[in-house]
Amino acid sequence: MDLRRRNNVTVTGRVDGPVLLLAHGFGCDQNMWRLVVPVLAENYRVVLFDYVGSGRADPSAWDERRYSSLEGYVQDVLEVCEELDLRDVTFVGHSVSAMVGVLAVAKTPERISRLVMVAPSPRYIDDDGYRGGFSAEDIDELLESLDSNYLGWSATMAPVIMGNADRPELGEELTTSFCATDPHMARVFARTTFLSDSRADLKTVTAATLVLECEQDVIAPREVGAYVHAAIPGSRLVTLEATGHCPQLSAPEATAGAIIEFIGTSR
C-alpha cells in the first residue's frame, strides 16, 4: 500500500527547512492545523498526515486491534517518518497525539529530536494525588453516550471541548470534524484516548520538550500541564492566552509563535 496515500500525507513549506511533523488529536484531521501552517511554512518544512481512521486516510487500512492502543498511532508516525526519511524532526502533537509523540520519540530518537505537546494529558481520569479533570464515572458516561449516539454526542461535546462560546463557528467546525469520522472507528479511538494512562512514560522523555497549555481547558486543565512539565526533565511550560482545547484554531498566531520560539532556542 502507498503509505503517503494511506495516511494522506501532505508536505509544504521550505524544501530545505527544518522539519515539523504535525499530528492531530481524536476526532480531527490535519485540517485542524491550517491556520498555523502558513506561518510555520515560511521557514520550515511542514509535514501533515491523518491517522488511519481519521480524515482522508485510507479506511481500508484500518485495523481495530492495531488502533485499540496508542501503539497503533505511534506506528503510523514511525512509518511516515521512515517513508519520508525524516531526520531531526520537531514532533508537534495535539491532545492525545502529545502522548503519541512521547512514545514515538522513545522508539526513534534518531529521527525525532524535539517534542511540542499541545494541550496534553497523560491520563484523563482523576487518581490519588492526580487531577486529570474527570472521574471514572464521567468517562464511563462519556463513552456510553458516544457508543449510543455518536452524532448526538459530537454535537453536544464538540462545542464544550472547543470552548470559546462567543465564537460559535469554532465549535461548529469541531462538530463537523467529529461527525465526518466513521462512528465505529471514532469509538475505538475514543476509548484508546480516554482510557489511556501514559504518566509513567513522561519520565522517559529526553528530547527537548515544550508543553503548551491554555488558560482554560476543560479537557486538559492547568493542573495537568503542570504535572506534565514537572514529569519531563528540562521541559518548558508556556501558558497561552487562549481558552478551549484547540489553540491552533482559537489562537493560531500565539500557538505558531510559541512553537517557533521554542525551536529557535532549543537548536
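Coordinates for the structure precede this section.
Here's what I pulled together on the structure shown here.

Calculation rules
Residues numbered from 1 in each chain as written. Predicted model: local features only at pLDDT ≥ 70, side-chain atom pairs only at ≥ 80, totals over all residues. Heavy atoms only, no water. Helix = DSSP H or I, 4+ residues; strand = E, 2+ residues; numbered from the N terminus. Rg over C-alpha atoms; globule rule 2.2 N^0.38 Å. Buried < 20%, exposed > 50% of the residue type's maximum accessible area, 1.4 Å probe, protein only. Contact = heavy atoms within 4.5 Å. Areas by Shrake-Rupley, 256 points an atom, 1.4 Å probe, with all protein chains shown as cover. Lys, Arg positive; Asp, Glu negative; His and termini not counted. Charge placed at Lys NZ, Arg CZ, Asp CG, Glu CD. Core = buried A, V, L, I, M, F, W, Y, C linked by side-chain atoms within 4.5 Å. Polar contact = N/O pair within 3.5 Å; in protein donor to acceptor, adjacent residues only side chain to side chain. Pairing = 2+ DSSP bridges. Axes fitted to C-alpha atoms, helices over the stretch in contact; angles between N-to-C directions.

**Digging into the overall build of the chain**
Piece 1. Within the chain, the secondary structure is distributed over twelve helices and seven strands.
Piece 2. Radius of gyration (C-alpha) of the chain: 17 Å, near the 18 Å computed for a compact globule of 267 residues.
Piece 3. The buried share of the chain, taken over its 267 residues, is 56%.
Piece 4. Nonlocal contacts in the chain, meaning residues at least 24 apart in sequence, comprise 77% of its contacts between residues at least 6 apart.
Piece 5. Carbon and sulfur atoms make up 48% of the accessible area of the chain, which amounts to about 10900 Å² in all.
Piece 6. Once the 23 positive and 39 negative side-chain charges of the chain are each reduced to a mean point, those two points are 7 Å apart.

**Examining the nonpolar core**
Piece 1. In terms of nonpolar packing, the biggest core is built from 69 residues, with Leu21, Tyr51, Val77, Met117, Leu174 and Phe178 touching the most fellow members.
Piece 2. Filtering out sequence-adjacent residues up to four positions away, Met117 remains in contact with Gly93, Ala98, Met99, Val102, Leu202, Thr209, Leu210, Val211, Leu212, Val228 and Ile232.

**Some details on the environment of Thr108**
Piece 1. Within the secondary structure layout, Thr108 lies in the loop between helix 4 (96–107) and strand 5 (112–118).
Piece 2. Between the C-alpha atom of Thr108 and that of Trp62, which follows or precedes it by 46 residues, the distance is 23 Å.
Piece 3. Looking at Thr108, its side chain comes within polar contact range of the side chain of Glu110, at 3.0 Å.

**Details of the sheet that holds strand 4 (residues 89–94)**
Piece 1. Taken in spatial order, the seven strands of this open sheet run 1-3-2-4-5-6-7, and their pairing is mixed. The open sheet terminates on both sides in strands that have one partner only, identified here as strand 1 (10–13) and strand 7 (236–243). Each strand of the sheet is rotated relative to its neighbour by a mean of 20 degrees, with strand direction disregarded.
Piece 2. Strands in contact with helix 4 are strand 2 (19–23), strand 4 and strand 5; relative to strand 5, the strand with the most contacts, it is inclined by about 160 degrees.
Piece 3. Contacting strand 2, strand 4, strand 5, strand 6 (208–216) and strand 7, helix 12 (residues 252–266) runs over the sheet at an angle of about 155 degrees to strand 6.

Such coordinate-based values are descriptive only and should not be taken to indicate function.
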